[in-house]
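Take a look at the letters that make up each chain.
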Amino acid sequence: NMKRIQYTDFNNNLFDILPHSLTYKAIKAAQSSSGIYSGGEDRNLELPEGVFEQIVHKARAIAADTSLHLSQRRMLTAILLLEEEAASRRYIIGRSPAQAELEALLQTLISKE
């Protein structure tokens, strides 16, 4: 039973996803590797019914595909953390269609007013 998903994108912006809410913690320019990039505004929003399940589905697909998993964090990698009742698992992932799909969904959610 999934309790929480955390996704840290290539720029270190953090998406903290609970069954009914999403918190987006944007990286500030001072913390970014370039010193210029900013992830924009922090957001905290309620998730519409069924959206957590969509996110879980996409996250599980990434977790199940070992070809997507990397052994260490480097440039242009993301971190996916899945917290279930029994255990937490952390994956370092590079660019892939599955990663792009998950990130697109999260981006859509935080860009809605």
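Our structure's up above, just so we're on the same page.
Quick caveat: nothing in here was measured; it's all calculated off a predicted structure.

What counts and how
Residues numbered from 1 in each chain as written. Predicted model: local features only at pLDDT ≥ 70, side-chain atom pairs only at ≥ 80, totals over all residues. Heavy atoms only, no water. Helix = DSSP H or I, 4+ residues; strand = E, 2+ residues; numbered from the N terminus. Polar contact = N/O pair within 3.5 Å; in protein donor to acceptor, adjacent residues only side chain to side chain. Contact = heavy atoms within 4.5 Å. 1 Å grid on protein atoms, 1.4 Å probe; cavity = no way out; pocket = protein on both sides within 12 Å on 5 of 7 lines; lining within 4 Å. Points joined across faces, edges and corners; volume = space filled by probe spheres on them. Nonpolar A, V, L, I, M, F, W, Y, C, P; charged D, E, K, R; others polar. Buried < 20%, exposed > 50% of the residue type's maximum accessible area, 1.4 Å probe, protein only.

Moving on: the side chain of Asp16. Among the structural elements, Asp16 can be located in strand S2 (residues 14-18). A distance of 2.7 Å separates polar atoms of two side chains, one belonging to Asp16 and the other to Arg4. Contact partners of Asp16, with chain neighbours within four places excluded, come to Arg4, Ile5, Gln6, Ser21, Leu22, Thr23 and Lys25.

Below, the discussion takes up the layout of surface pockets. Each pocket or cavity is described by its volume, and for the largest pocket that value is around 210 Å³. Lining the largest pocket are 13 residues, with Phe10, Asn11, Asn12, Ser33 and Met75 sitting closest to its centre. Its residues assigned to classes, the lining of the largest pocket comprises 5 nonpolar, 6 polar and 2 charged.

In this section: the environment of Glu53. As for its placement among the helices and strands, Glu53 is situated in helix H1 (residues 51-64). Using a relative accessible area of 48% as the deciding quantity, one classes Glu53 as partly exposed. Separated by 51 residues in sequence, Glu53 and Met2 place their C-alpha atoms 9.2 Å apart.

On their own, these measurements won't tell you what the molecule is for.
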